[in-house]
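# Summary of the model geometry
Chain by chain, the residues run as shown.
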Amino acid sequence: MRRFLSLGLLCLLLLSITVTAQAQTSSTNTADDDAALELLEALDVESYADKGDAITAILQSDDERARDWLQALLDGRLQRTEDGRFVLVLENRGRDWPVADVLTGEALGEMSRRDLERIGINNNLRNQLRSAIAVVDLYSPNVERRRTSAERLLGEVDGELVPTLDDLIEQEEDEQVRYRLTQAVAIYRAEAGEMAGVEALDGSLHPRSRVALSRAANSDDPVVANAAAASLAGIEQQLKINRGLETLYFGLSLGSVLVLAAIGLAITFGVMGVINMAHGELMMLGAYTTWAMQQLLPGQPGLALILSIPAGFMVAALAGVAIERGVIQFLKGRPLETLLATFGISLILQQLVRTVISPLNRTVITPEWMSGSLVVNDALSLTLNRMYVLGFALVVFAGLMLIMRRTRLGLEVRAVTQNRAMARSMGIRATRVDIMTFALGSGVAGLAGVALSQLTNVGPNLGQNYIIDSFMVVVFGGVGNLWGTLVAGLSLGVINQVLEPWAGAVLAKIIVLVFIILFIQKRPRGLFPQKGRAAEG
Amino acid sequence: MNTLKRSTHPRPFLSSGRFATALLTAAIMGASTQAIAQDDDPIKVGILHSLSGTMAISETVLKDTVEMLIEQQNEAGGLLGRQLEAVVVDPASNWPLFAERARELLDQEEVDVIFGNWTSVSRKSVLPVVEELNGLLFYPVQYEGEESSENVFYTGAAPNQQAIPAVEYLINEVGIERFALVGTDYVYPRTTNRILEAFLKDEHGIADEDIMVNYTPFGHSDWQNIVAEIRRFGEEGKPTAVISTVNGDANVPFYTELSNQGIDAADIPVIAFSVGEQELTGIDTGPLVGHLAAWNYFMSVDNDDNYDFIDAWIEYTGDDMAVTNDPMEAHYIGFNMWAEAVRKAGTTDVDTVKDAIIGVTVPNLSGGYAAMMPNHHITKPVLIGEIQDNGQFDIVWQTPSTVAGDAWSDYLPGSRDLIADWRKPMECGNFNVVNGSCGGSTAAEEAEAALAE
């Protein structure tokens, strides 16, 4: 901060010395700047309509910096000081902001936000600015910019732009840009009732194309209208399939969250038989570990998130060991007391977080590579954060399966839960196995917390929201069966998402609960009941 | 015994086990000192905000705000020459507990005024207690209206000071023709959406198929389907907006899902009635730029009173990044109104203050004035702000003058004919202008109904 300030002072000094010299050496530049200043000044008016005109004027001027100004205006970083100077705000957090002169690009140090006045824009102007920037960017050498710009033009094309776009399509090398531009022109033509446009849009799933086609379907020309209606019917069919796929994806992603939340419980409750009401709070600890990691590594949210996976596991596992050693081992075989005691622990942990950290939710940043969505086609895109969580859930599940089936620990766990006395007489240290199992289940809860920090709020109540769902999934899937948990979680997720559009979120939840109650009445041991003598115990 | 306690000594003496000493001192000091001692007695200000549970996120800052205002008032010499003392209780986001804590404040602590409550259901729960024990309650949050109690002063917005102007802005300034009303499933969103639906259909002729209504539970976190539905709803070629009465931290996953599914404010703007600066501190606002909120105050209001308030708040909390929000301003206004009324009345007696406060005018933080109306609501400007990438709002529109709060909505059949006026001779919160009769207080039944839900 201080460095910025001194730099700003230095700049001011230098400026005052050199300003006269500059005026003499580059008179053309100054003339440009005068014109530029006039253009910018037209922006600083009350009425949004006048601002719109000023934006058009800037666009029509052939100043090279026009795009930068418009972008700064769009980002709300074009501001004015009290002495009427236009500045670019470089960083707008806190009370003092570093700024630079818009015309010269010189850094001016930090200014208080009291002394700066932002050139405000509203959504209409934002739309206008985006379209304006899109038109400028069509000529940009940068392919990415051209792509965004072409995408932006869908449904925004007017008669004047069509010949320009036709020329551009001829010259364009990038396939994607060419496709979008052709589509944009076709939308304009279809809306105008031209057959060529309707034909070009056949099979396009973009909503703008659909709107254009439904307008063309009302056209006076029966040939065009019929063609458009036929195209629309085909598109509707396609959309239905895509909608089904989308719902399936939503269901699987909700299901994967349920699986993650429940799988740790499937071990502590399902395999060990301990009712741990503090399971949700172990997830909360995992989520807070992610937050703490991001605080430790500012500016690297992605790395912090990856490091939180082992860290969250460790923190929750250690907390689990503490709970097991401190409370649960003394309550063996007394489920009611265990339930009450662990419920007490969950309240203690919640209040601890509230007092030590804050009652307010913490911000966990989603790394760049996890936001946005993967575009499959114009009607179907899959959100990335959920896709990562889905994959993560499957990896965690596979890992747990491996541990339970292929390692010595897994073997011992299964032995101890099937017949404790026999296992002990075979030389297995049952107490140690208890600790390890509980630590494993708790650690997995921590992993769930790390994943949840990307989907929901990280706050003291995080665990409470998932504890009921977790028990529901474990009981539905069949206590003591990991496969059951996976199938139960995913299918409950899909059922919920299929019901939601027509029943609403509240009712869908209720229906799912009623369904589970009825199901448990019919099959008390869940989807995949344990067979054999172990099940009797 | 009670009167002796109150009139002879400041509290600290008696709260501990020194009752004997207290009696002795009283005896020594004698009757002559009584009058003076009463003047030294602090004025007690009750604070009834949840400090734990789900609402702690929003209500804790309001408790701090009132404490800060009390501190400032004490530094300026107190009120009527007496110091103010805060009495803080924690109703723990538990609605029936609100009523118990309110009773404790009025009965045992004998506070002169209460500042508190956030959710409507907690207010409904407290209502019968405040009316029975004749207390004063200042309620600082925007709410659904349809209520005017003799003992409550509503310093937050009524629907005509927030929801209705916001919708008019969308229709007239943005040109929206299609509305998705999305809310949390409880009394405020349901009543507000009922009013809005009636308003959209009757006043603007919006067709049924252009209105979509959706409710979600408290703390809802899986918004995939609802956002996809909104996206499809907005793809029909008409300009579409979402009116959100989603409450609390369910907003974070809602906005995240919106941005992940690529819904931009320029395509489908979301206008929220419950998202303020405080709620945005938990969100990365980069993808939300341009979404809207309607309030009566924003932290970004360019006004010296506001900057002073912000500086005081930052100093009080010791947090450079601390934010201010609309309910805080409502408490600021409510506290100053109450102080002014006490000064005017020369006493803290509830009945006198209640009469004196009607018509009291104090500056608000957006450069205007707020006046207490006879229906116990206040005048407020309505501001529409767009979210910026720094978690602040940029004000894009505001009403030319302040709007007086209307307790009973003009757009609902049953409430259209009701008015509230607590001045003599009417003194009624639900006077029916058609048949000329006063409905009387229904606080007890309403509390029961609200808590039964």
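Quick caveat, the model's predicted, so the values are computed rather than measured.

Looking only at helices and strands, chain B features 16 helices and 19 strands. Considering only C-alpha atoms, chain B reaches an extent of 85 × 55 × 40 Å along its principal axes. Taken across its 453 residues, chain B has 52% of its residues classed as buried. Considering only intrachain contacts with a sequence separation of at least 6, the fraction spanning at least 24 residues in chain B is 68%.

An α-helical turn contains 3.6 residues, so a residue and the one three or four places further along point in the same direction. Residue and element names in this part refer to chain B. Between the first and last C-alpha of helix α8 (residues 163-174) there are 16 Å, a value that for 12 residues agrees with the 16 Å anticipated at 1.5 Å per step. Among all positions in α8, only Ala-163, Ile-164, Pro-165, Ala-166, Val-167, Tyr-169 and Leu-170 are buried. Buried residues belonging to α8 abut α9 (187-204), β8 (240-245), β9 (270-272), β10 (292-295), β14 (383-387) and β15 (393-398). Two residues or fewer past α8, Gly-175 is found with a positive phi of approximately 80°.

Another aspect to go through is helix α20 (residues 482-522) of chain A. Taking 1.5 Å of rise per residue, 41 residues should cover 60 Å, yet α20(A) covers just 21 Å from first to last C-alpha, more than 12% shy of that figure. Approximately 125° is the largest bend angle found in α20(A), and it occurs at A:Ala503.

With that settled, the discussion passes to the nonpolar core. Of all hydrophobic cores here, the largest spans 132 residues; its most connected members are B:Ala102, B:Ile114, B:Val167, B:Ile271, B:Ala294 and B:Trp338. Of all the elements, helix α14 (residues 326-345) of chain B adds the most residues to this core, at 10 residues. In this structure, B:Val167 is in contact with B:Leu196, B:Phe199, B:Leu200 and B:Ile243, ignoring residues within four places of it in sequence. If you look at the next biggest cluster of nonpolar residues, it comprises 78 residues, including A:Ile263, A:Ile323, A:Val416 and A:Val475.

Okay, the pairing of strand β6 (residues 178-184) of chain B next. Residues and elements named next belong to chain B. Among the seven residues of β6, seven are classified as buried, and the element is accordingly described as predominantly covered. Judged by which residues are buried, β6 turns out to be covered on both faces: Arg-178, Ala-180, Val-182 and Thr-184 on one side and Phe-179, Leu-181 and Gly-183 on the other are all buried. For the handedness criterion, the β-α-β arrangement of β6, α9 and strand β7 (residues 211-216) is classed as right-handed.

With that settled, the discussion passes to the confidence of the model for chain A. Atom-level detail of predicted coordinates should not be read off regions where pLDDT is low. Chain-level statistics for chain A give a pLDDT mean of 85 and a share of 92% at 70 or above. Throughout residues 1-28 of chain A the model reports pLDDT below 50, and contacts reaching past four residues in sequence, or to other chains, amount to 18 contacts.

Now for the interface of chain A and chain B. Each side of the interface is counted separately: chain A has 44 residues, and chain B has 42 residues. In terms of residues, the side of chain A that touches chain B owes the most to one element, α20(A), which gives seven residues. Class assignment of the residues belonging to the side of chain A that touches chain B gives a composition of 11 nonpolar, 24 polar and nine charged.

Below, the discussion takes up the sheet that holds β8(B). Residue and element names in this part refer to chain B. Strand order in this open sheet of seven strands is β7-β6-β8-β9-β10-β14-β15, and the pairing throughout is mixed. In the strand order of this sheet, the two ends are held by β7 and β15, each with one partner. Strand-to-strand twist of the sheet, defined as the mean angle between neighbouring strand axes without regard to direction, takes the value 25°. The pairing of β6 with β8 spans six bridges and is classified as parallel.

As a further point, take the domain arrangement of chain A. Where interface size is quoted, it is often the accessible area lost as the parts come together. Under the domain assignment, chain A is made up of domain 1 (2-124) and domain 2 (242-536). Averaged C-alpha coordinates put domain 1 of chain A and domain 2 of chain A at centres separated by 52 Å.

Each strand in a sheet pairs with its neighbour through backbone hydrogen bonds, running either in the same direction (parallel) or in the opposite one (antiparallel). Residues and elements named next belong to chain B. The strand order across the open sheet formed by five strands is β2-β1-β3-β4-β5, and the pairing between neighbours is parallel. Two strands in the sheet have a free side with no partner beyond their single neighbour: β2 (84-89) and β5 (152-154). Here the average twist between neighbouring strands, direction ignored, is 25°. Pairing of strand β1 (residues 43-48) with strand β3 (residues 113-116) involves four bridges; the strand directions are parallel. Its bridge partner being in β3, Gly-46 is matched across the sheet by Ile-114. Strands β3, β4 (137-139) and β5 of the sheet are contacted by α14, whose axis makes an angle of about 175° with β3.

Residue and element names in this part refer to chain B. Running from amino to carboxyl end, helix α7 (residues 120-132) crosses helix α16 (residues 443-452) at an angle of 150°, the nearest separation of the two axes being 8 Å. Considering their axes alone, α7 and α16 lie roughly antiparallel with respect to each other. Crossing handedness for the pair α7 and α16: left-handed. In this structure, α7 contributes Val-121, Lys-124, Ser-125, Leu-127, Pro-128 and Glu-131 to the contact, and α16 contributes Ala-443, Ala-444, Glu-446, Ala-447, Ala-450 and Leu-451. Grouping the constituent residues of the contact of α7 with α16 by class yields eight nonpolar, one polar and three charged.

Thresholds applied
- Residues numbered from 1 in each chain as written.
- Chains lettered and ligands numbered in written order.
- Predicted model: local features only at pLDDT ≥ 70, side-chain atom pairs only at ≥ 80, totals over all residues.
- Helix = DSSP H or I, 4+ residues; strand = E, 2+ residues; numbered from the N terminus.
- Buried ≥ 20, exposed ≤ 12 C-beta atoms within 10 Å, placed from the backbone.
- Contact = placed C-beta atoms within 7 Å.
- Expected span 1.5 Å × (residues − 1).
- Bend = angle between axes of the 7 residues up to and from the residue.
- Core = buried A, V, L, I, M, F, W, Y, C linked by C-beta atoms within 7 Å.
- Right-handed = clockwise from strand over helix to strand, strands pointing away.
- pLDDT = per-residue confidence, 0-100.
- Nonpolar A, V, L, I, M, F, W, Y, C, P; charged D, E, K, R; others polar.
- Pairing = 2+ DSSP bridges.
- Axes fitted to C-alpha atoms, helices over the stretch in contact; angles between N-to-C directions.
- Domains from an automatic or database assignment.
- Parallel < 35°, antiparallel > 145°, perpendicular 65-115°, else oblique.
- Left-handed = near helix turned anticlockwise from the far one by under 90°.

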